[in-house]
Each structure stands twice: as structure tokens, then as C-alpha cells.
Amino acid sequence: MPIYHTLGSVPRKRHTVFRKPDGGLYAEELMGHEGFIGTSSLLYHTHAPTTVKSARKVCTVKWEKDDDTSLRHRHFLTARATKGGSPTINRIPLLFNSEIGMLYVEPDKVDEHFYRNSQADEVVYVVEGKGVLESVFGDLPYQSGDYVVIHRNITHRWRMDTAAGPTKMVVFESRGHVRWPKRYRNDFGQLLEGAPYCERDIRRPAQLVTHDEKGDFPIFVKQYEAINELVLDHHPLDVVGWDGYFYPWAFSIHDFEPIVGRIHQPPPVHQTFQGDGFVICSFCPRPYDFDPDAIPAPYNHSNVDSDEVLFYASSEFMSRKGIEYGSITHHPDGLPHGPHPGRYEASVGQKFTKELAVMMDSFRPLHVAKQALAIEDPKYHQSWIEGGSTPEGFSPPTS
Ligand SMILES: [Fe+2]
């Protein structure tokens, strides 16, 4: 994250004496990407972060792919997904390859354990819900519409406000470092004037809460395709200060400034994040193309070298246009897709769209997870045929 940030107390010089009120030394820890050369932060712990009392493997987390690999467009309805459980342990895998996984969860219980994903950066799109992401870097409030980016290895807990309503999350787990698109930044890392968001839109941990407490504190660590339990002898959120470029942050889809044109703009104008082998884009309410002869609906296209996945995130858009809120469409590389019957013509002269959608394009083919089959609309691939079978009223836009 190319914004320097600091909270709490840090010594004037790094790697120098920094004493606690009792005269002992605070325990300094460097945390960052790619060892010592990526973005990093220096944290100052009340207790050494290494005091593990016990370690065990809790379970394997192996995503299994659908045995039926026949090529076709797919459609999944998250409204039918199993509800409840933990925001970290009960995620349902839907689509994945070796670089990116897309999962869904509607958790209803705040974890008793802390959690960190040590094999992936996480981008969590909060469809519904609000609360606070607590971490070693402090408290980060979140609400619906937020992308919460949790870089790998950050110990955290989702403190959901369950009284405020249900929580629904789309989770992306990325093997590579999630970052802003390079073309949005200048040589110094600053976001350019022409980028669809700026540094003011990036929300960082706002309050550091230091817990100086001894006891047994389990941390569930995802590593080696498994959940491992490490029990610390002290509360892991014991940091009194930190500074650097590595921390969790949030960006609201509602702060994305859409780029529009006289005629149709291609999906890259909606790009929000860059990963290794994938991008994430935000389709937000915006005026349509303003040439009188413009066709706002996207043209048919063969997304060569790319699988396109769209999550339809607006309940309002659903009620107005018959789109199912929570639908996920998967348009794989190898066959074209485009507007559904009638939508191409119907879009001519339209002035505005209220759509809200999150798109993930992977550059290598995605596997459908076995768990996704339970929520699949099996006839979606025929929905371009006049009179073809789709869920009632379903007429999705296309990216
Ligand atoms: Fe598309």
C-alpha cells in the first residue's frame, strides 16, 4: 500500500531501544511482502509475537473442482447458499485456480479465535453488514459496499455487528499481492488525477487498541491448504505502535468514480484492483454513453485469455430490472458471450444505469468448486436462446 501510515507510539529511530513503563523492551516485528523488499511495517509488541504454547492442524482446506468440465456459461445463486457460521472458517468456495479463489459466506457468529491467512491476500467485498475489523494494526470500521483488503499474515478478527442485520461477504483469496493498478499511479506511487479513486478514498486503521493480557489465545492460520491452530500465551493484539506501508485497508465501491464516454467504454475503465493473474472491477451507477446512436449494452465478445465472473451486488437493481440480487455468472474463456435477447436493442437511448456489480477476471481458466453445484442454475448456458430457460425475470447485463 503506497501510503505511509502510523498509529500509537514508535521510537524515533527503528531498531533502537524502546522501553515499556516497567523498564523492559517492546518487541519489534517487521511484517511485509516478499521478505525485506516489499511493502512492510514495523510493529512494537508488548510481548514477543513468537511465544507459541501449542500448534496443531485443525483441518485441510482443499478446494475440489467439479468433475464435469464441459465448457459452458455458468450461473450461481448465492441467495440459495448455506447460511451461518464463521466469517473465516465457513466460506463456500465457488470458483478458483492456482492464483485466485472466489468464495461466499453469510456468517452469523463472531469468531472466538483470531485468524490470519498466510498463503493469500484477501479482498473481502462486504455485500451487507457492518462492524469493525480488529487487527494488530488497530480497528478498521467497515460497512456494506466496502472492499476490505487484508494482506497476508495479518492477524485479525471480524467483529460483526450482528444486531444491525445479516452479513454477506464475497471473498477473494489471492496468491499474489493485491494492489492498485499500475497505470493509475505515477512513478512515485501516487494515484493519478485520472484514476477513478484517490488516496482520500482509502480508509486505514483509525484506532489502535492495545491488549496487555496473558492467557491462552488461539489463532487460526491458513497455510499449506489447511487451517492450523497456534495458541499464544498472550493476547495477539498487544501492539503499542507501528508505522509503514503494510496494513489492512478499506475502499468503498460507492467511492469509485465511473469513467463514461460518448460511446461504450470497455471493462478496463472499471478496474479497481490488480492481482497476479486477475483483476477486480467495479460496475457502479453512472450515466450511459451520450452519443444519440450509442448502444450502451456491451457488444458480444470472446474474452480470449480471460474468464469473466460477475457478482450482482444491488438489491435495488434487481427489483427494477429483474436481476437476481446475489447472482454470480461465470463466462469462461473459449466461447463468446453478450447481451441477452432484446437487451441490445432496448439499451439504445437509455440514459443511466443503477447497476452495481463486482467483476473478477482471471487470466487463466477457473475451476468450478464442487460446493458451488448446490446453488447452480443448470440451464443458464441456454439463456441466450429466445425463450430460453432462466430464473423467472432473470435478464442479466453483461460485462
Ligand atoms: Fe463480458
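A. Structural context of the overall build of the protein. Per the secondary structure count, the protein includes two helices and 26 strands. Compactness check: the protein gives a C-alpha radius of gyration of 22 Å against a globular reference of 21 Å for 399 residues, within 12% of the reference. For the protein, the C-alpha atoms occupy an extent of roughly 75 × 45 × 40 Å along the three principal directions. Sequence separation of at least 24 residues holds for 76% of the intrachain contacts in the protein that already meet a minimum separation of 6. Of the roughly 18,000 Å² of accessible surface on the protein, 51% is carried by carbon and sulfur atoms.

B. View of the sheet that holds strand 3 (residues 40-45). Judged by pairing direction, the sheet is antiparallel, and its four strands sit side by side in the order 1-17-3-2 without closing on themselves. One side of each edge strand has no neighbouring strand; the edge strands of this open sheet are strand 1 (5-8) and strand 2 (27-32). Direction aside, neighbouring strands of the sheet carry axes that sit 15° apart on average.

C. Representation of the sheet that holds strand 19 (residues 271-274) in the model. The six strands lie next to each other as 5-23-22-25-20-19, forming an open sheet whose pairing is antiparallel. Unpaired on one side and paired on the other, strand 5 (74-77) and strand 19 mark the two borders of the sheet. When the angles between neighbouring strand axes are averaged without regard to direction, this sheet yields 15°. Pairing geometry for strand 20 (residues 278-283) and strand 25 (residues 357-362), over six bridges, is antiparallel. From the neighbouring strand, valine 279 faces strand 25, where its bridge partner is aspartate 361.

D. Seen up close, unusual backbone geometry. Despite not being glycine, asparagine 153 has its phi angle at roughly 80°, a positive value. Residue placement: asparagine 153 occurs in the loop between strand 12 (146-150) and strand 13 (156-160).

E. Local environment of the state of the cysteines. Summed over all chains, the structure comprises zero disulfides. The cysteine cysteine 281 is free of any disulfide, with cysteine 284 supplying the nearest cysteine sulfur at 11 Å.

F. Geometry of the pairing of strand 9 (residues 121-128). Within strand 9, seven of the eight residues are buried, which leaves the element mostly enclosed by the surrounding structure. Two elements, strand 9 and strand 14 (residues 168-174), share seven bridges in a ladder whose sense is antiparallel. Along strand 14, the bridge assignment pairs valine 124 with valine 171. Pairing geometry for strand 9 and strand 12, over four bridges, is antiparallel. Each bridged residue has a counterpart across the sheet, and for tyrosine 125 the counterpart in strand 12 is tyrosine 147.

G. Focus on the pattern of salt bridges. Following the criterion strictly, the structure yields 23 salt bridges and no others. Residues arginine 74 and aspartate 66 are paired through a salt bridge, measuring 2.9 Å at the closest nitrogen-oxygen approach. A salt bridge links arginine 262 to aspartate 291; its shortest N-O distance comes to 2.8 Å. A residue pair is termed long-range when its members are at least 10 positions apart, and arginine 262 in the loop between strand 18 (249-252) and strand 19 and aspartate 291 in the loop between strand 21 (286-287) and strand 22 (307-312) qualify at 29 residues. On the accessibility criterion, arginine 262 (51% relative accessible area) is exposed.

H. The arrangement of the side chain of aspartate 238 in detail. With respect to the element layout, aspartate 238 can be found in the loop between strand 16 (226-234) and strand 17 (239-244). Residues in contact with aspartate 238, not counting those within four places in the same chain, are Tyr44, His45, Thr46, His47, Thr210 and His211.

I. Quick look at the confidence of the model for the protein. Predicted confidence across the protein gives a mean pLDDT of 93, with 94% of residues reaching 70 or more. Contacts of residues 318-322 to residues separated by more than four positions or lying in other chains number ten contacts, the stretch itself having pLDDT below 50. Contacts of residues 390-397 to residues separated by more than four positions or lying in other chains number 25 contacts, the stretch itself having pLDDT below 50.

J. Geometry of the pairing of strand 18. Burial along strand 18 is two-sided: Trp249 and Phe251 facing one way and Ala250 and Ser252 facing the other are all buried. For strand 12 and strand 18, the ladder comprises four bridges, and the chain directions are antiparallel. Bridging across to strand 18, tyrosine 147 finds its partner in phenylalanine 251.

Scoring rules and cut-offs
- Residues numbered from 1 in each chain as written.
- Predicted model: local features only at pLDDT ≥ 70, side-chain atom pairs only at ≥ 80, totals over all residues.
- Heavy atoms only, no water.
- Helix = DSSP H or I, 4+ residues; strand = E, 2+ residues; numbered from the N terminus.
- Rg over C-alpha atoms; globule rule 2.2 N^0.38 Å.
- Contact = heavy atoms within 4.5 Å.
- Areas by Shrake-Rupley, 256 points an atom, 1.4 Å probe, with all protein chains shown as cover.
- Pairing = 2+ DSSP bridges.
- Axes fitted to C-alpha atoms, helices over the stretch in contact; angles between N-to-C directions.
- Disulfide = S-S within 2.5 Å.
- Buried < 20%, exposed > 50% of the residue type's maximum accessible area, 1.4 Å probe, protein only.
- Salt bridge = Lys/Arg side-chain N within 4 Å of Asp/Glu carboxyl O.
- pLDDT = per-residue confidence, 0-100.

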